[in-house]
Amino acid sequence: MSELSETSRDLLQEIAALQERIRELEQSAALRKREEDSLRFSLQQLRLLIDTAPDLFFLKDLQYRYLLVNTANARFFGRGEEEILGRTDFELMPGEAARACRESDQRAVRSRALVVNVEPVGERFYETHKFPLFVAGEVVGVAGIVRDTTDHKRTEEALQNSEELRNTILNNVGAYIFLKDRGSRYTYVNSMVGRLFGSSEQEIIGKDDTSFFSAASVEEIRRSDRRVIEHGETVTREEVDLASADQAPRTYWTVKIPLRDGSGSIYGLCGISTDITALKRADEAMKLNAERTEALLQLNSMTSASIHEITDFALEKAVELTRSTIGYLAFLNEDESILTMHSWSRSAMAQCATEQKPIHYPVIATGLWGEAVRQRKPIVTNDYASPNPWKKGCPAGHVEVIRHMNIPVFVESRIVLVAGVGNKRDDYHETDVQQLTLLMEGMWRLIERKKSEEALKSSESRLANIIEFLPDATFAIDLDGKVISWNRALEELTGFSAEEMVGRGNYEYAIPLYGERRPISIDLLLSWDDAIAGKYSFIKKDGDTVYVEAEMPFVRRPSRLMRGKASLLRNERGDVTGAIVSMRDITDKRRLESQLIQAQKMEAIGTLAGGVAHDFNNILMGIEGYVSLLLQEIDPHHPHHEYLKHIDEQVQSASGLTRQLLGFARGGRYEIQPVDINKLIKKSSSLFGRTRKELTITRKFDKNLWTVEVDRGQIEQALLNLYVNAWHAMPAGGQLLLETRNVTIGKDDMMPHAMPLGHYVMIRVADTGIGMDEETSKRIFDPFFTTKKMGRGSGLGLAMVYGIVKGHGGFIFVDSEPGRGAAFTLYLPASDKKVLEEKPPESHTLRGSEVVLLVDDEPTILAVSKAMLEFLGYTVHEATSGQEAIAFYRKKKNDIGLVILDMIMPELSGGETFDRIRELNPEAKVMLSSGYSLDGQAQSIMDRGCGGFIQKPFNIEGLSRKIREVLDAPCRSRVTDAAPAAPRDQEAQKAADGESENFPVEDIPPPRDRSQ
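Source: prediction; values computed, not measured.

**A short note on the pattern of salt bridges**
- Under the counting rule described, the total for this entry stands at 39 salt bridges.
- Where Glu 233 meets Arg 227, a salt bridge forms, and the shortest distance between an N and an O atom there is 3.1 Å.
- One salt bridge connects Glu 468 with Arg 488, and the closest N-O pair in it is separated by 2.7 Å. Of this pair, Glu 468 sits in helix 15 (residues 452-469) while Arg 488 sits in helix 16 (residues 488-494), and the two are 20 residues apart along the sequence.
- A single salt-bridge network, built from bridges that share partners, covers Lys 60, Asp 89, Asp 105 and Lys 130.

Structure, rendered in C-alpha cells:
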C-alpha cells in the first residue's frame, strides 16, 4: 500500500504541476501551441491511469474543496464528477465521517508529510494515505488515496480465531479424523480417535495401525491406504469391519483423500471415519421388520388363496425372514396329542432323501422338534451336534441339521401349530423367535379368520399399511369427509405431511393440491356435481370409481399433470365407510408419448421420402448416364453441347433434391469418414459469410475437439441450412454465433430425451434474429413446415437437418423466444479415429480393360451403365437378378474382375447376392450401386468387405474413378480397425483457436430444457 501511495502521490503532484504549467502557457502567448497540446496529452494519459485504478484518488485545495476525483471516487459518492468538484466532505458524507476526513487533511497540511489513517464510513473501514501537494515549494492543497479495507480487517480478525475454531470443530464433529504419512503412521488425530484407542493424541502420533487393530483389520486398512497414497485415489463411502484386540468388530464408514504438497506429490492422507455399527444393526432390524411387514401384507392379501397356498407362502417367507435354509409346518390336533406334518420348505424337499415320510407323529414319540409342544415355548438349538437328551436321531437320507429353532402358535391357551426352521449361518436369537412367531400368528389369523369385529379391525389396519406403502400418492376420507390416511408418496408429492393432514375435513385436503378449499374427485363419489366435474380435463365415472386427469398447481411443489382414481370404501356388509383416491404423476409419460408420436410421424414421412428419392434416383440415372456419354462424344463447339450441359445441370439439381429427401429420411450418409468439425465449420461458414456481408460471424471452437465420423457433404449441407435459417431470421443483419465443445454425458447428468451415455461433440449455431414462440419451436423440424412467405421456402431445410443429425446417431435441440434469437444445439457421437485428409477428385476419365459383371433389375439402368462401361473400355456381362448373377459368376469367376451390384432387387437382395459371391470367391471385388445412400443395409454390406459404393445417379467420370478405386485397391474381407487419433494440422488448429470476424468472441449461454 505504501508503494502504491508513493506512486499515486507522485502522479497527483505531477498532475498539479502540469495544471500549473498549463495556466502559465495560457498566460504566455509566446509559447508554441505544440508544447501546450503535448502537455494536455500527458495530462489525459495520467488522468486515464488514475481513472482505471480501483482505489479512490482526489485533490483538494487549502479550503479542502475537491479539485479532482477519479472515477472510483465519484462512484463511491454516487455522484458525477461535476457534482463533487468545488464541494467539501461535509457536503458529501455524514458529519462524523466528514470530521474524520477533515482532521486527517489538516494533519497532512500541517505536518507537510504523509498521513496514514483508517477512517470509518458507515459500517465499512477505509485506509487513507494523505500528503500535502506542493507547487513551487509551497503547500497548495492536499492529495489522497483511499482503499476499502473492510474485508481485509474482518479477515484478520477471523484468522485470529481460526486455529481454535478448527480444533473445536475437529474435536466435536462427531467423527474420527486423522492424518497419516506415506508409511501409514499417524501424524494427527482428533480427540475421538484418542478415546477410541484409549490413548492420548500425543501417544498415538508416530504409531501405525498395528498398535491398535487386529492383524486382519490392519491388512484391510493398509490396502485402502495404499490405494490413496500410491495411486492417488480418493476412497469415498468405504464400509469396513474392524476389530481391535480387546473389542468386538465394529463397522466404520470411511472417506480417505490424498494430501499433496506444492509440487503435487502425495505426502500422506486425510481420513474421516464414522462408526455406523449401531446404524447398521438398526438398519438390519428395520429391513427385517419391513420384510415381515411385507410378508404379512402379502399374507393378508391372499384371502382367496387355498390353505396350502397360504402355508407354503408363509413357510418360504419364514425361511427367508430368519435367514434359514430349511423349514417345516405341522398342525396340532385339538387335544394336542398328534402333530400332522403339513409341509416342508422347497429347499428341504430338494435335500431330503428319506424314502419313508410319515405324516402323523404322536407328540409323546417325537424328539427335539416336539419339545415346543411339551414345554409350550420356543426351543432354540444352536449346536445340534452336541449331546441333548431330547434328541432321538434322524432317519437315513434326512436333511443334515446344524441349527434348529421351532415355535408353538397359540390360539388363546391352545397350541394349534408348530413352525420350525433350521441351518441359519449364525446363531438364532430372540429376534428370530419373535419374527417367526409373529409371521406364523399372522398366517394362522388368516386361516382361522377372526370374529367380524376382529376382521374389520384387521381390515382397517391392513388398509392403512397398504396405503402407506403404495407407490402412488393416496389418501382416504371417512363419511364425515375427514382425512383418515395420507401416505408417504403423497407427502413427497405435495410437501404436506400426514401429521398436518390427518383429521382435517371441510375440503381442506384440496389445499395442498389446488391452493384452495374445494370439492375434488373423491367428493364426487359421495355427491356428484357437474360444476366440479367440469374442472377436470378428463373425467369418467364407472360404478363406485371415478377416473380423472387434471393439471395440479400444488402449493409447495411445481405444477404437474396428474391422473387420479377415486373409489368408495365398503365394509364386509357392503356399507359405504368412506372413499379413497390415488394419484399418479403422468407429466413425463405424456411428454414421452408426444415425443413418440413425433418420432413415428417423422419415421413414416422419412420412409416415404426415402422410397421416392430412391426411385427418382433410378430415373435420373438413365438421364445422367446418356447425357454424360453424349458429352464425351460430342464436340464442345457443337450447338447441342450447351443444351446437354444444361440437362446435366438440371439432373444435378434434381439429384440435390433427392439428397435432401434422403437426408430427411435419415438415409443421407453417403461416405462416412473421420472429420475435424472445427475445420469443416470454419470452411463452410467462411464461404457463407462472403456473400452475407450484413452478418457478423463469431466462432468459439474447442481447441482439442474430438473427431466425429460423418458424411462430410451431409454435415456441410446441414450446417448451410442452419446458416440460411439464421440469415432469414435476421433481415436487417445481426450476429451468427458458432461454438464447438467436447461433452461427456454421465449417468448423473440431466439431459433431455435420455441421451445415451458417452462422449459427444457439441455444435451450437445461434443467431440474434427475431426468434420464435414455443408453438413454432415444437414444429420447426416438421417437413414442409415453414414460417416464410409462399415461394420463399420449401419447409424441408430444418427437416433435412433433423434427418441428417439423427442419421448420424446424434441429437438436435432448439431454444428460442420471440425477439431473443434462436439457438440450435447438435450433439454428434465422438470417435477416436484419425482424421482423414480430404483429397481433390480426379478431373479426367479413367479407363480400363477388365471384365465387369453388371447386376441390376432395372433395364434402363442396365442399358445405360453397360454403355458407359463399354465406353470406358471394359467388357460387360449383364444379369437382371441375384440368382442369374450367381449362376454366371460361378461359371466365369476367374475371368470377372469386378461385380457392380444393385442393392435393392426382388427375391435375392444385393446383400445376399454379395455373400453368395464371396462364398464362391473370398477375393471377389464388388462395388455396390443404389438409389439409396450408404446407410443401413448398404453400410452392413460394406462392413462385410465390399470394395466400394456409388450413389445413383452417377456420371461417367464418377463411375470411372470409383471403378479404378475398387480394382486398384487390395481386396479386403473385413473392415480394418480404426487408427488412433492423430494430432491436428496447422489449419485445423487455427480453426480451433476460435477466430472471430468483425467483433470479439462472446460466451454463448447454454440451452434451456426446450427441445425437439
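**Examining the pairing of strand 27 (residues 758-767)**
- Burial of strand 27 is extensive: eight of the ten residues sit out of reach of the surface.
- Where strand 26 (residues 734-745) and strand 27 come together, ten bridges link them in antiparallel fashion. Each bridged residue has a counterpart across the sheet, and for Thr 744 the counterpart in strand 27 is His 759.
- Judged from the seven bridges that link them, strand 27 and strand 29 (residues 822-831) form a sheet pairing that is antiparallel. Within the sheet, the bridge partner assigned to Ile 763 lies in strand 29 and is Leu 826.

**So, the side chain of Asp 432**
- Inspection of the secondary structure puts Asp 432 in helix 14 (residues 430-448).
- Leave out the neighbours within four places in its chain, and Asp 432 touches Thr 322, Met 405, Lys 424 and Asp 427.

**Section: the packing of helix 23 (residues 677-690) against helix 24 (residues 712-728)**
- Viewed as axis vectors pointing N to C, helix 23 and helix 24 meet at an angle of 45°, and their least axial separation amounts to 10 Å. On the basis of the axis angle, helix 23 is oblique to helix 24. You can see that helix 23 and helix 24 cross each other, and the crossing is right-handed. Contacts from Ile 677, Leu 680, Ile 681, Ser 684, Ser 685 and Phe 688 in helix 23 reach Arg 712, Ile 715, Glu 716, Leu 719, Leu 720, Tyr 723, Val 724 and Trp 727 in helix 24.

**What about unusual backbone geometry?**
- Of note in this structure, Asn 423 is not a glycine but carries a positive phi near 65°.
- In this fold, Asn 423 is placed in the loop between strand 16 (414-422) and helix 14.
- A positive phi is found at Asn 506, a non-glycine position, where the angle reads about 55°.
- Structurally, the position occupied by Asn 506 is in the loop between helix 17 (498-501) and helix 18 (511-514).
- Judged by relative accessible area, Asn 506 falls into the exposed class, the value being 52%.

Analysis parameters
- Residues numbered from 1 in each chain as written.
- Predicted model: local features only at pLDDT ≥ 70, side-chain atom pairs only at ≥ 80, totals over all residues.
- Heavy atoms only, no water.
- Salt bridge = Lys/Arg side-chain N within 4 Å of Asp/Glu carboxyl O.
- Helix = DSSP H or I, 4+ residues; strand = E, 2+ residues; numbered from the N terminus.
- Buried < 20%, exposed > 50% of the residue type's maximum accessible area, 1.4 Å probe, protein only.
- Pairing = 2+ DSSP bridges.
- Contact = heavy atoms within 4.5 Å.
- Axes fitted to C-alpha atoms, helices over the stretch in contact; angles between N-to-C directions.
- Parallel < 35°, antiparallel > 145°, perpendicular 65-115°, else oblique.
- Left-handed = near helix turned anticlockwise from the far one by under 90°.

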